Amino acid sequence: MDILRTVSEMQSYADAVHATGKTVGLVPTMGALHGGHLSLMDLALNHADRVVASIFVNPTQFGPGEDFEEYPRDLEGDADKLRERGVDVVFAPAADEMYPHNDHPTRPAPLAWVEVEEFDNVLCGKYREGHFRGVTTVVTKLFNACKPDVAVFGQKDAQQLAILKRMVDELLFDVEIVSAPIIREPDGLAMSSRNAYLNERHREQATVLYDAIQEAESAIRGGEQDANRVVRAMRDALDNAPDARVQYADVVNAGTLTSVETLDRGEDVLAAVAVYFGDTRLIDNVHVRVPAVSSTDAVSADSERAGSAGA
Ligand code: PAF
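What you see is a predicted model; the values in this text were computed from it and never measured.

This next bit is on unusual backbone geometry. Even without a glycine there, the phi angle at alanine 32 is positive, about 50°. You can see alanine 32 is positioned in the loop between strand E2 (24–29) and helix H2 (35–47). In this model, lysine 147 sits at a positive phi of 50°, which is unusual for a non-glycine residue. Along the chain, the position of lysine 147 falls in the loop between helix H6 (131–146) and strand E5 (150–154).

Below, the structure written as structure tokens:
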């Protein structure tokens with residue numbers, strides 16, 4: 001497995017793969033790889049002939065006061081995991097490869113940005129100003145450097161995934177976006193590089209995120225169509241953790257990310273939470289299709305059928 005450091009090396013590799021009629025799959029990451037990332041690699045290996053994992057802690061998606069400097073970095077350990085998994089190439093560029101024309105070593109201020117408007121007015125976007133603009137900009141650069149036919153992103157970052165899908169559609173990128181399911185620890189906590197920041201007490205309490213989204217899922221599947229009640233159910237679950245500071249608990253349309261008051265039958269919705277434990281911010285979500293028929297309708301239809309059968 002090669003580790004490539006420059007955009008031109010990376011582009012030459014992708015060109016060589018394409019020249020043999022084979023496809024390139026890309027898994028963009030910021031490193032500190034865990035089981036969730038490795039499941040994305042497996043999916044990419046199933047969708048493409050050659051797989052590139054990029055490792056780049058992207059400065060433009062961290063706001064002031066966020067954890068850019070502290071973000072865990074372990075290129076050697078990551079490379080071992082990727083080699084073992086069967087990944088073909090690691091693309092690990094330095095900041096000035098990804099942000100040319102910028103003198104600042106850690107905080108580039110590029111003039112060229114890629115942005116999907118409106119999709120960042122809700123959920124994480126509401127609280128992390130400029131974050132998704134940093135993501136769409138760097139993913140565009142990664143697409144230009146790695147020339148993938150397929151790119152894999154996790155459903156854990158559901159807002160990021162929806163924004164990137166919209167970017168690819170609107171800007172006519174010739175890249176297939178594959179979404180990968182959330183991978184969880186045995187107690188339900190979604191795997192995340194930031195889980196490593198949690199102390200023992202917070203780690204124990206952090207399972208409330210999963211409890212909250214499970215409450216949302218069962219309420220929606222049970223026929224609840226009032227988004228406020230679903231949000232209340234999530235908040236009640238989060239209240240069980242004494243140290244949790246809830247940033248948001250919300251239900252939005254899964255495709256457009258617009259807020260919903262009433263959940264329409266057959267609508268795909270996303271119930272999502274963001275919670276701080278100390279300085280560590282954790283997110284989780286569940287994608288649910290609102291049942292076409294509510295459970296109460298189903299029960300009354302059954303009893304009507306039973307009634308008419310007896311008549
Ligand atoms: O999901 C991530 O790890 C990052 O946002 C991404 C997509 C690698 C862009 O930096």
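Further notes follow.
The next point concerns the packing of H6 against helix H7 (residues 158–170). For the pair H6 and H7, the least separation of the axes is 11 Å and the interaxial angle reads 55°. When the axis of H6 is compared with that of H7, the two are oblique. When the axes of H6 and H7 are compared, the crossing they make is right-handed. Here Phe132, Val135, Thr136, Val139, Thr140 and Phe143 of H6 come into contact with H7, specifically with Gln159, Gln160, Ile163, Leu164, Met167 and Val168. The residue makeup of the contact of H6 with H7, split by class, is eight nonpolar, four polar and no charged.

Right, let's get into the environment of arginine 133. Note on placement: arginine 133 falls in helix H6. Overall, the relative accessible area of 28% leaves arginine 133 in the partly exposed class. C-alpha of arginine 133 to C-alpha of tryptophan 113: the two residues are 20 residues apart in sequence and 7.0 Å apart in space. Discounting residues that sit within four places of it in the chain, arginine 133 has contacts with Trp113, Val114 and Glu115.

Another point: the sheet that holds strand E8 (residues 268–277). Strand order in this open sheet of three strands is E7-E8-E9, and the pairing throughout is antiparallel. Sheet topology places strand E7 (244–253) and strand E9 (280–289) at the edges, where each strand pairs with a single neighbour. In this sheet, neighbouring strand axes are inclined to one another by 15° on average, regardless of whether the strands run parallel or antiparallel. Alignment of E8 against E9, held across 10 bridges, turns out to be antiparallel. Bridge pairing links leucine 270 to histidine 287 in E9.

Further remarks concern the site of the ligand. In the vicinity of the ligand, the contacting residues are Pro28, Thr29, Met30, Asn58, Gln61, Val135, Val138, Phe153, Asp157 and Gln160. Residue glutamine 61 places a side-chain N or O atom 2.6 Å away from an oxygen atom belonging to the ligand. Between glutamine 160 and the ligand, the recorded distance is 2.7 Å, taken from a side-chain N or O atom to an oxygen atom. If the ligand stood free it would expose 290 Å²; the protein chains cover 89% of that surface.

Turning next to the nonpolar core. Formed by 47 residues in total, the largest nonpolar core has its most connected members in Met10, Val52, Phe91 and Phe143. Sort the elements by how many residues they give to this core and H6 lands first, with eight residues. Leu189, Leu198, Phe277 and Leu282 belong to the second-largest nonpolar core, a separate cluster that totals 30 residues.

Taken together, the side chains of Asp211, Glu215, Asp236 and Asp239 define an acidic patch exposed on the protein surface. Looking at where glutamate 215 falls in the secondary structure, it is placed in helix H9 (residues 208–221). Using a relative accessible area of 40% as the deciding quantity, one classes glutamate 215 as partly exposed.

The rules we used
- Residues numbered from 1 in each chain as written.
- Predicted model: local features only at pLDDT ≥ 70, side-chain atom pairs only at ≥ 80, totals over all residues.
- Heavy atoms only, no water.
- Helix = DSSP H or I, 4+ residues; strand = E, 2+ residues; numbered from the N terminus.
- Axes fitted to C-alpha atoms, helices over the stretch in contact; angles between N-to-C directions.
- Parallel < 35°, antiparallel > 145°, perpendicular 65-115°, else oblique.
- Left-handed = near helix turned anticlockwise from the far one by under 90°.
- Contact = heavy atoms within 4.5 Å.
- Nonpolar A, V, L, I, M, F, W, Y, C, P; charged D, E, K, R; others polar.
- Buried < 20%, exposed > 50% of the residue type's maximum accessible area, 1.4 Å probe, protein only.
- Pairing = 2+ DSSP bridges.
- Near = heavy atom within 4 Å.
- Polar contact = N/O pair within 3.5 Å; in protein donor to acceptor, adjacent residues only side chain to side chain.
- Areas by Shrake-Rupley, 256 points an atom, 1.4 Å probe, with all protein chains shown as cover.
- Core = buried A, V, L, I, M, F, W, Y, C linked by side-chain atoms within 4.5 Å.
- Patch = residues over 30% accessible without salt bridge, like charges linked within 9 Å, V, L, I, M, F, W, Y side chains within 5 Å.
- Salt bridge = Lys/Arg side-chain N within 4 Å of Asp/Glu carboxyl O.
- Lys, Arg positive; Asp, Glu negative; His and termini not counted.
- Charge placed at Lys NZ, Arg CZ, Asp CG, Glu CD.

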